[in-house]
Amino acid sequence: MPNILRVTTPPAGLDNNVKNNPLTTNEKQIQNPVDPGKVVRPDGRADSGDSQQTKLGLNGQSNFGSFIQKINEAPQLTQLFSALFLQGMGNIVEAGIGPDFAEEIAKFMEMMKMSDAELVGFLKNQANGAVRYTGTFYNMLRQVMNDTQSVELKAGILDFLKQINDLSSGPHLLENIRGNMDMISRYMLRADREMLQQMMTKLDMQAAPGDTASNAGLLKNEVIPMLGEYVAKTRDFGVIRDLIGVLTANTARYENGSLNKLMDNFMKLLNFQGFRAKFQNIPPDKLIQILQSTSYEKAVKGNGWADKFLNMVEYGVKGEAGLENKQVFQNLMNAVLLNESVYMPVLHLMLPLELNGQTMFSEMWIDPDDESGAAQGEGKKTKALLKFDIKDVGFFDAIILYGDGKMDMYLSYPEALADKEKEIQGALEVIMAQNGISFRSLILEKAAEPISISQAFPKIFERKNAVNVTV
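Residues numbered from 1 in each chain as written. Predicted model: local features only at pLDDT ≥ 70, side-chain atom pairs only at ≥ 80, totals over all residues. Heavy atoms only, no water.

Participant: Explain the overall build of the chain here, please?
Facilitator: Scanning the chain from terminus to terminus reveals 20 helices and 7 strands. Taken across its 471 residues, the chain has 36% of its residues classed as buried. Excluding contacts between residues fewer than 6 apart, the proportion of contacts in the chain whose partners are at least 24 apart in sequence is 64%. When the accessible surface of the chain is split by element, carbon and sulfur atoms take 52% of a total near 28,400 Å². (Helix = DSSP H or I, 4+ residues; strand = E, 2+ residues; numbered from the N terminus. Buried < 20%, exposed > 50% of the residue type's maximum accessible area, 1.4 Å probe, protein only. Contact = heavy atoms within 4.5 Å. Areas by Shrake-Rupley, 256 points an atom, 1.4 Å probe, with all protein chains shown as cover.)

Written out as structure tokens, the structure reads:
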């Protein structure tokens with residue numbers, strides 16, 4: 001009889017008696033159930049992410065949860081800048097940098113030199129360039145938003161603001177689009193790559209902001225359809241398809257910044273009585289002049305140091321400062337982007353400067369409407385976190401709470417200055433008195449650990465109960 005059941009002889013020494021090793025059981029209770037709360041990783045960390053996020057009820061996989069985690073883990077921009085430009089400049093030069101990078105560094109270091117009067121103007125200009133929607137025009141828009149109950153009007157104003165943003169970002173978006181096309185061409189076959197590069201030459205890189213018809217038409221009618229056909233033909237669903245998605249998104253934003261579309265939207269908003277009451281005296285043909293005359297637009301045009309700074313970072317990320325410095329430049333870029341995140345609720349300023357022959361780099365986080373440190377019955381105050389590194393001196397941290405001409409300050413100083421604490425205190429009191437400010441409290445101590453942004457501004461966590469999605 002054929003052995004259709006594939007019965008085999010059990011190995012010697014093993015008892016495979018069915019009674020002793022039943023295949024089925026009526027016992028449904030699980031023995032020794034696993035407690036997920038007691039399961040730990042080999043490195044002692046929980047899989048759920050940062051313990052602080054867990055306590056706050058944050059979703060570590062969401063955009064906001066990721067932002068909080070990066071805030072806690074990211075290196076300080078002040079320390080990164082110091083390691084590169086205040087202490088490590090010799091290492092960069094020894095890395096054999098090219099003449100273009102050397103020229104960018106020289107120009108940036110020259111722009112850092114400024115007097116006391118120039119420092120005040122520099123600080124004001126950067127503060128104006130950090131907040132886009134300021135001034136009379138945007139205040140009127142806020143009033144309309146607060147006064148109206150119309151959902152259609154609110155949605156129209158938000159679309160209008162989005163168009164303003166895309167219009168002013170037109171030249172930057174066009175540069176991104178050209179960069180997207182160049183990156184895509186590197187992944188294409190030769191014949192198709194040459195076709196795409198030929199299309200790139202048709203882009204009008206000198207087009208005025210708002211004049212998007214020609215470039216948008218080229219992208220929508222020729223470039224993107226050609227790329228779609230390329231993917232369908234080659235079945236390339238890898239990196240190139242992701243890059244095409246980025247190109248499409250930038251194209252949509254660029255087209256949305258059309259001046260004609262902005263004017264049409266403005267005319268539609270005038271049909272709403274609440275909007276017309278505030279803006280009926282503004283001629284539509286003068287709208288672009290009003291938008292270009294805001295303090296933000298003026299500050300951006302005069303903020304040349306930021307362009308030099310970003311150019312240097314770009315060179316460093318490409319490895320032109322030596323491969324050993326590439327990761328440092330990448331960390332520097334990530335720190336800058338993190339502080340400019342939409343989730344950052346406070347104003348962030350950077351101050352690289354050489355003042356009276358002394359080189360330093362400073363960062364400021366400012367909340368002009370802080371309520372956390374105000375006593376009962378007091379109004380809002382200005383709260384600031386300052387971090388600065390003075391070459392050959394060390395790192396400083398300061399938390400300031402100011403209101404009604406009085407200030408509370410906590411300052412941590414380098415250990416090397418421990419014997420000069422009284423001198424520091426006296427100098428601070430003199431400086432504040434010269435500016436009409438008196439100290440309500442002043443605490444000085446040797447630096448222990450750097451003050452984190454989340455410690456200084458607990459309001460960063462306020463959005464944990466808002467709509468929190470993962471993309």
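Participant: I would appreciate a short explanation of the pattern of salt bridges in the present structure.
Facilitator: Throughout the structure, instances matching the rule amount to 11 salt bridges. Of the charged contacts, one joins K233 and D192 as a salt bridge, the two residues approaching to 3.2 Å between their closest N and O atoms. Of this pair, K233 sits in helix α11 (residues 213-234) while D192 sits in helix α10 (residues 190-200); the two residues are 41 residues apart in sequence, bridging distant segments of the chain. A residue is classified by how much of its surface remains accessible, and D192, at 10% relative accessible area, is buried. Taking the shortest distance from any N to any O, the salt bridge between E255 and K220 comes out at 2.8 Å. Of the two residues, E255 sits in helix α12 (residues 239-256) while K220 sits in helix α11, which places them 35 residues apart along the sequence. Overall, K220 belongs to the partly exposed group, its relative accessible area being 41%. The network of salt bridges with common partners includes K220, E255 and K261. (Salt bridge = Lys/Arg side-chain N within 4 Å of Asp/Glu carboxyl O.)

Participant: Help me understand the pairing of strand β4 (residues 381-390), please; the structure alone is not making it clear to me.
Facilitator: Moving residue by residue along a regular strand, the side chains alternate between the two faces of the sheet. Counted residue by residue, β4 has 9 buried out of 10 residues, so it is predominantly covered. The pairing of strand β3 (residues 358-370) with β4 spans 9 bridges and is classified as antiparallel. By the bridge assignment, F361 is partnered in β4 with D389. With 9 bridges joining them, β4 and strand β5 (residues 394-403) adopt antiparallel strand pairing. By the bridge assignment for β5, T382 is matched with Y402. Taking the residues between adjacent antiparallel strands as the criterion, β4 and β5 are bridged by 3 residues, where D392 takes a positive phi near 70°. (Pairing = 2+ DSSP bridges.)

Participant: Is there a simple way to explain unusual backbone geometry in this structure?
Facilitator: What you tend to see is this: most non-glycine residues have negative phi, and most peptide bonds are trans. Non-glycine residue R235 carries a positive phi angle of around 60°. The exposure class of R235 is exposed, given its relative accessible area of 61%. Backbone geometry places D404, a non-glycine residue, at a positive phi of 55°.

Participant: Help me out: how do you make sense of the environment of A207 in this one?
Facilitator: Structurally, A207 can be placed in the loop between α10 and α11. Between the C-alpha atoms of A207 and L174, which are 33 residues apart in sequence, the distance is 9.1 Å. Leaving out residues up to four positions away in the same chain, A207 has contacts with N215 and Y254.

Participant: Where do I start with the packing of aromatic side chains in this structure?
Facilitator: Two descriptors summarise a pair of aromatic rings, namely the distance from one centre to the other and the angle between the planes of the rings. Scanning the entire structure with this criterion turns up 8 aromatic pairs. For the ring pair F160 and F266, a centre distance of 6.0 Å and an interplane angle of 35° mean the geometry is tilted. With F160 in helix α8 (residues 151-168) and F266 in helix α13 (residues 259-269), this residue pair connects regions lying 106 residues apart in the sequence. Look at F160 and you get buried, because its relative accessible area is 0%. With relative accessibility at 0%, the residue F266 sits in the buried group. On the numbers, 4.8 Å between centres and 5° between planes, the contact of F388 with F396 is stacked. There is no split in this pair, since F388 and F396 are both buried. (Phe/Tyr/Trp six-rings, centres within 6.5 Å; stacked < 30°, edge-to-face > 60°.)

Participant: Would you take a moment to explain the packing of α8 against helix α9 (residues 170-185) for this structure?
Facilitator: Helix-helix packing: each pair is described by the crossing angle between the helix axes and the interaxial distance. With their axes 4 Å apart at the nearest point, α8 and α9 run at an angle of 65° to one another. Touching D166, L167 and S168 of α8 are G170, P171 and L173, all from α9. Residue composition of the contact of α8 with α9, by class: 3 nonpolar, 2 polar and 1 charged. (Axes fitted to C-alpha atoms, helices over the stretch in contact; angles between N-to-C directions. Nonpolar A, V, L, I, M, F, W, Y, C, P; charged D, E, K, R; others polar.)

Participant: Sorry if this is basic, but what is going on with the side chain of T212 here?
Facilitator: The residue T212 is located in the loop between α10 and α11 in this model. Each residue touching T212, except ones within four places of it in the same chain, is listed here: Y254, E255, G257 and S258.

Participant: When you look at helix α5 (residues 99-111) in this model, what are you seeing that I'm missing?
Facilitator: Because each turn of an α-helix spans 3.6 residues, side chains separated by three or four positions end up pointing in the same direction. Taking 1.5 Å of rise per residue, the 13 residues of α5 would be expected to cover 18 Å, and the 18 Å separating its terminal C-alpha atoms lies within 8% of that figure. Among the residues of α5, F101, E104, I105 and F108 are the ones counted as buried. On an axial view of α5, the arc spanned by its buried residues comes to 100°, and they lie on one face. (Expected span 1.5 Å × (residues − 1). Arc of directions from axis to C-beta.)

Participant: Got a minute to help me understand the sheet that holds strand β6 (residues 406-413) in this structure?
Facilitator: Strand pairs in the sheet, formed through backbone hydrogen bonds, run parallel or antiparallel to each other. The 7 strands lie next to each other as β1-β2-β3-β4-β5-β6-β7, forming an open sheet whose pairing is mixed. Both outer strands of the open sheet, β1 (113-114) and β7 (438-446), are each paired with one neighbouring strand and no more.

Participant: Looking at this structure, how should I read the nonpolar core?
Facilitator: A general feature of soluble globular proteins is that nonpolar side chains tend to end up buried together. Counting 45 residues, the largest nonpolar core has F309 and L411 as the members making the most contacts within it. Per-element accounting of this core gives the leading share, 5 residues, to strand β2 (residues 347-355). In terms of nonpolar packing, the next biggest core, distinct from the first, is built from 23 residues, I184, L203, L218 and L227 among them. (Core = buried A, V, L, I, M, F, W, Y, C linked by side-chain atoms within 4.5 Å.)

Participant: Just checking my understanding: could you explain the pairing of β6 for this structure?
Facilitator: The buried fraction of β6 amounts to 6 of the 8 residues, a majority that puts the element mostly inside the structure. Here 7 bridges tie β5 to β6, and the two strands are oriented antiparallel to one another. Residue L401 lies in a different strand from β6, and its bridge partner there is D408. Sheet topology places β6 next to β7; 8 bridges connect them, and they run parallel.

Participant: Got a minute to help me understand a nonpolar patch on the surface in this structure?
Facilitator: On the surface, M183, Y187 and V239 cluster together into a nonpolar patch covering about 250 Å² of accessible area. One can find Y187 in the loop between α9 and α10. (Patch = residues over 30% accessible without salt bridge, like charges linked within 9 Å, V, L, I, M, F, W, Y side chains within 5 Å.)

Limitation: the analysis is restricted to geometry and does not speak to function.
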